[in-house]
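# Overview (structure and organization)
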Amino acid sequence: MIKKCLFPAAGYGTRFLPATKSMPKEMMPIVSKPLIEYGVEEALEAGMSDICIVTGRGKRALEDHFDSNYELEHQISGSSKEELLVGIRKIINECTFSYTRQREMKGLGHAILTGQTLVGDQPFGVVLADDLCINTDGSGVLSQMAQLYQQFRCSIVAVMEVPEDEVHKYGVIAGQAISDDLIRVENMVEKPAKEDAPSNLAIIGRYILTPDIFDLITDTQPGKGGEIQITDALMAQAERGCVLAYKFKGQRFDCGSIEGFIEATNYCYDAFRK
């Protein structure tokens, strides 16, 4: 039912300087695969084959990655190394890619609003590629959320419990439990202080959003850090209708941090060797 997935990918990746001075952070490899390729694979598994990417200056490598490289492919044609391209060829053949640029960095809400021209008037997924999500025991996080959307037809955010001394890094939710892993959102705060956090349930980089979110973002004033926060728009949506928070099955690695990036690399390398 949901065909489009939006990838906000215009950020500078300053925590990984100098590597990200000329390379998009989304292209940083976990073992031998760029972060954004993991995200696109997750979207494709969920049936979202229309990939919409919000880019910025210095991000042309993203477009080149999801395209053919005739010289390289000719050089390795017929060799054992050709097998290494099976995954990316599948993505290129089964997905369509569209791009637009975010000219100013005004927060995640603004990045999602910038993608409206690509998404149009339909529900869509959102993947933040530097949140690497892996579920070895079943379907990916976005697939899990897409199945929930078929039942509830409202915006859904993925959440996980974090230590109380880390809530200031996230959007944090609280609300009424519908089941063990599903909550109807009644409160949502962007990067609260520990004493102000409504819970320790933090939003991570997976969303399913209904198209009315664009009007709500347009009406949202700059919030935390002077940026247009998607959490503020989602809170307005929750007050007018319904937003669900889903405790997903699987593991999440914060690859926007060096520590999380190394942890993800070690995890995937061990899995690769098996």
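Placed above this text is the structure.
No experiment lies behind these values; they were computed from the predicted model shown.

## A word on the nonpolar core
- One finds C5, F7, I36, V40, M48, I51 and I53 to be the most contacted residues of the largest nonpolar core, which totals 38 residues.
- Among the elements of the structure, β1 (4-8), α1 (35-45), β4 (50-55), α4 (86-94), α7 (141-152), β8 (155-161), β11 (201-209) and β12 (243-247) are those that each provide at least two residues to this core.
- Looking at this core, the element that brings in the most residues is α7, giving 6 residues.
- Here C5 is in contact with A43, M48, D50, I51, C52, G125, V126, V127 and L142, once residues within four sequence places are set aside.
- Grouped together as the second largest cluster of nonpolar side chains are 31 residues, C52, L209, L216 and A245 included.

## Side note on the side chain of Q102
- By the element assignment, Q102 lies in the loop between β5 (96-101) and α5 (108-114).
- Under the relative-accessibility criterion, Q102 is labelled buried at 5%.
- Side-chain polar atoms of Q102 contact the side chain of H110, separated by 3.0 Å.
- Q102 has contacts with A10, V54, T55, G56, G107, H110, A111 and T114, leaving out every residue within four places of it along the chain.

## Overview of the packing of aromatic side chains
- Counted by the stated rule, this structure contains 4 aromatic pairs.
- Ring centres of F16 and F261 lie 5.4 Å apart, and the angle between their planes is 65°; this geometry places the pair in the edge-to-face category. Separated by 245 residues along the polypeptide, F16 in the loop between β1 and β2 (29-30) and F261 in helix α10 (residues 258-273) bring together distant segments of the chain. Neither F16 nor F261 differs from the other in exposure class; each is buried.

## Some points on the packing of α1 against α4
- Between α1 and α4, the shortest axis-to-axis distance is 11 Å and the interhelical angle comes to 55°. With respect to α4, the element α1 is oriented oblique. Crossing of α1 over α4 shows left-handed handedness. Contact with α1, carried on its side by E37, V40, E41 and L44, involves G87, I88, K90, I91 and E94 of α4 and no other residues of that element.
- Looking at side-chain class alone, the contact of α1 with α4 contains 4 nonpolar, 1 polar and 4 charged residues.

## A closer look at the layout of surface pockets
- When its volume is computed, the largest pocket comes out at roughly 1,500 Å³.
- For the lining of the largest pocket, the secondary-structure elements that each account for two or more residues are α5, β11, α9 (230-240), β13 (251-254) and α10.
- Classifying every residue of the lining of the largest pocket gives 19 nonpolar, 14 polar and 16 charged.
- Looking at the second largest pocket, its volume works out to about 770 Å³.
- If you trace the second largest pocket, you find 29 residues lining it, with S32, K33, E37, L84 and I88 closest to the centre.
- Every element with two or more residues in the lining of the second largest pocket is listed here: β2, β3 (33-34), α1, α2 (60-65), α3 (70-76), α4 and α10.
- Among the elements that line the lining of the second largest pocket, the one with the most residues is α4, at 5 residues.
- Of the residues assigned to the lining of the second largest pocket, the class counts are 16 nonpolar, 5 polar and 8 charged.

Reading guide: rules and limits
Residues numbered from 1 in each chain as written. Predicted model: local features only at pLDDT ≥ 70, side-chain atom pairs only at ≥ 80, totals over all residues. Heavy atoms only, no water. Core = buried A, V, L, I, M, F, W, Y, C linked by side-chain atoms within 4.5 Å. Buried < 20%, exposed > 50% of the residue type's maximum accessible area, 1.4 Å probe, protein only. Helix = DSSP H or I, 4+ residues; strand = E, 2+ residues; numbered from the N terminus. Contact = heavy atoms within 4.5 Å. Polar contact = N/O pair within 3.5 Å; in protein donor to acceptor, adjacent residues only side chain to side chain. Phe/Tyr/Trp six-rings, centres within 6.5 Å; stacked < 30°, edge-to-face > 60°. Axes fitted to C-alpha atoms, helices over the stretch in contact; angles between N-to-C directions. Parallel < 35°, antiparallel > 145°, perpendicular 65-115°, else oblique. Left-handed = near helix turned anticlockwise from the far one by under 90°. Nonpolar A, V, L, I, M, F, W, Y, C, P; charged D, E, K, R; others polar. 1 Å grid on protein atoms, 1.4 Å probe; cavity = no way out; pocket = protein on both sides within 12 Å on 5 of 7 lines; lining within 4 Å. Points joined across faces, edges and corners; volume = space filled by probe spheres on them.

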